[in-house]
Amino acid sequence: MRRTDPLNLLEKLAKIESPSKKEDKLATFVTNYLRNLGYNPFTEYSNVLLSPEKEFIVTTHLDTFKVLSTFSYDGEYAYGTGVCDAKASIAAILLALEEIGLRELNFGIAFFCDEEGDGSGSENFCRTYKPKMAIVMEPTNMTIANVQYGGLELRVRSKGVSAHGAEPKMGDNAVESCIMAAYNLLSSVKDAVVSVQYMKGGDPDDYVIPDECEMRVELFFRPSIKAESMLAKVKEIFFQTRFEIIVEEAYDGFISGRASDFLEKVMKRLGCQIRFSDMLSWTDAVNLYQQANCDSVIFGPGELHLCHTKRERVRIKDVELAADVLITLNNLLTAELCL
């Protein structure tokens, strides 16, 4: 039986609000927790680090989405903003380090700031440290996400001509143009997941056809497709229109190699069912791979589709299993390093 109750630890973590760029209270909690276990963590650019110079690192992030729901527990799942994205992973790392204790720790730890924002935590980390392999802990429902998709985040602006609401034919409706553009993307782009996340145009107090509209669209695609070619396809769809396309983010995907093999070996030792998956969303693994040439695999408790919603949840047994995976990883790396 673990000395620390996983549910109690997760509740403490979840109740410390840690929005992007305001993670200081949680960083202090994690730092003090590690020091009480006998470790020597330090803070660098709001990241909490422990032996970051090691060739193999385990990472997750401190920040969460804005608070939509508070902590609760139904006997199987814990609920609330941040419980799985990614405080379940923080809890798993702390539980594993408690059990490893002062025995030799064979992997480094990085708790990144600003993952939900600009990704500046992992970006700054990669300027100094160049690990060879990493497990990036994010909600994958305990599957091995060995495929990180590429992505495009676009802001699309439409310009029209305003007119009285009773005479729509005398204007050019910018909202309707955005709706049609979204439909064209959804129906025309077959080799990407298209996500229309936001649309705004017009004023409820004005009885007019809106002459401006803006929407945010993201496209996620397999590593075999490059962001540059996907952007060219999107621009082709909007060719000879009055749309302005602003690229907020563009990155290529990748497929994990040896890091994925390590994780698979660990899970087999624990008798886990081996399941592979794809990670569609941006993660810190993108920065590690692109900026530090670090072979990264993504893994952790929780279900991605529930994150950033009021229904966010995580199974407590999966938090415990994730901790066991890290303990077994440490043992496996001991054996590998002795070869």
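Higher on the page you've got the structure.
All of the points below concern the structure found in this document. Because the structure is predicted, anything quoted here is derived from the model rather than measured.

Here we look at the sheet that holds strand S14 (residues 243-251)
Then, number 1: With antiparallel pairing, four strands are arranged side by side in an open sheet as S11-S13-S9-S14. Pairing within the sheet leaves two strands with one partner each, and these edge strands are strand S11 (193-201) and S14. Shown here is a sheet whose adjacent strand axes are inclined to one another by a mean of 15 degrees, direction ignored.
Then, number 2: As defined by bridge partners, strand S9 (residues 150-159) adjoins strand S13 (residues 212-221) across ten bridges and the pair is classed as antiparallel. Counted as the bridge partner of Glu-153 is Glu-218 from S13.
Then, number 3: Sitting on the sheet, helix H5 (residues 174-188) touches S9, S11, S13 and S14, and the angle it makes with S13 is about 10 degrees.

Notes on the packing of helix H1 (residues 6-14) against helix H2 (residues 24-36)
Then, number 1: The N-to-C vectors of H1 and H2 enclose an angle of 145 degrees; their axes lie 10 Å apart at closest approach. From H1, Leu-9, Lys-12 and Leu-13 reach across to H2, where they touch Leu-26, Phe-29 and Tyr-33.
Then, number 2: Split into classes, the residues belonging to the contact of H1 with H2 amount to five nonpolar, no polar and one charged.

What to know about the sheet that holds strand S18 (residues 313-315)
Then, number 1: With antiparallel pairing, the three strands of this open sheet are ordered in space as S4-S5-S18. Two strands bound the open sheet, and with one partner strand each, they are strand S4 (72-73) and S18.
Then, number 2: Of the pairings in the sheet, the one linking S4 to strand S5 (residues 77-79) comprises two bridges and is antiparallel in character. When the bridges of S5 are listed, Tyr-73 appears paired with Ala-78.

Observations concerning the pattern of salt bridges
Then, number 1: Within the structure shown, the criterion is met by 16 salt bridges.
Then, number 2: For the salt bridge of Arg-155 with Glu-248, the shortest nitrogen-to-oxygen distance reads 2.6 Å. A residue pair is termed long-range when its members are at least 10 positions apart, and Arg-155 in strand S9 and Glu-248 in strand S14 qualify at 93 residues.
Then, number 3: When its relative accessible area of 39% is taken as the criterion, Glu-248 is described as partly exposed.
Then, number 4: The structure contains a network of salt bridges with shared partners spanning Arg-155, Arg-157, Glu-214, Glu-244 and Glu-248.

Overview of the packing of aromatic side chains
Then, number 1: For the structure on display, the rule yields seven aromatic pairs.
Then, number 2: Residues Phe-254 and Tyr-289 carry aromatic rings whose centres are separated by 4.1 Å and whose planes lie at 10 degrees to one another, so their mutual orientation is stacked. Of this pair, Phe-254 sits in strand S15 (residues 254-255) while Tyr-289 sits in helix H8 (residues 284-292), and the two are 35 residues apart along the sequence.
Then, number 3: Looking at Tyr-289, the relative accessible area reads 33%, which means it is partly exposed.
Then, number 4: Ring pairing ties together the aromatic residues Phe-112, Phe-125 and Tyr-129, which thus form one cluster.
Then, number 5: Positioned above the aromatic ring of Tyr-77 is the side chain of Arg-313, whose terminal nitrogen or guanidinium carbon lies 3.9 Å from the ring centre.

Comments concerning a nonpolar patch on the surface
Then, number 1: On the surface, Ile-179, Leu-186, Val-196 and Met-199 cluster together into a nonpolar patch covering about 320 Å² of accessible area.
Then, number 2: Secondary structure elements with two or more residues in the nonpolar patch: H5 and S11.
Then, number 3: Take Leu-186: it is sitting in helix H5.
Then, number 4: What makes Leu-186 partly exposed here is its relative accessible area of 48%.

Conventions and cut-offs
- Residues numbered from 1 in each chain as written.
- Predicted model: local features only at pLDDT ≥ 70, side-chain atom pairs only at ≥ 80, totals over all residues.
- Heavy atoms only, no water.
- Pairing = 2+ DSSP bridges.
- Helix = DSSP H or I, 4+ residues; strand = E, 2+ residues; numbered from the N terminus.
- Axes fitted to C-alpha atoms, helices over the stretch in contact; angles between N-to-C directions.
- Contact = heavy atoms within 4.5 Å.
- Nonpolar A, V, L, I, M, F, W, Y, C, P; charged D, E, K, R; others polar.
- Salt bridge = Lys/Arg side-chain N within 4 Å of Asp/Glu carboxyl O.
- Buried < 20%, exposed > 50% of the residue type's maximum accessible area, 1.4 Å probe, protein only.
- Phe/Tyr/Trp six-rings, centres within 6.5 Å; stacked < 30°, edge-to-face > 60°.
- Lys NZ or Arg CZ within 6 Å of the ring centre and 35° of its normal.
- Patch = residues over 30% accessible without salt bridge, like charges linked within 9 Å, V, L, I, M, F, W, Y side chains within 5 Å.
- Areas by Shrake-Rupley, 256 points an atom, 1.4 Å probe, with all protein chains shown as cover.

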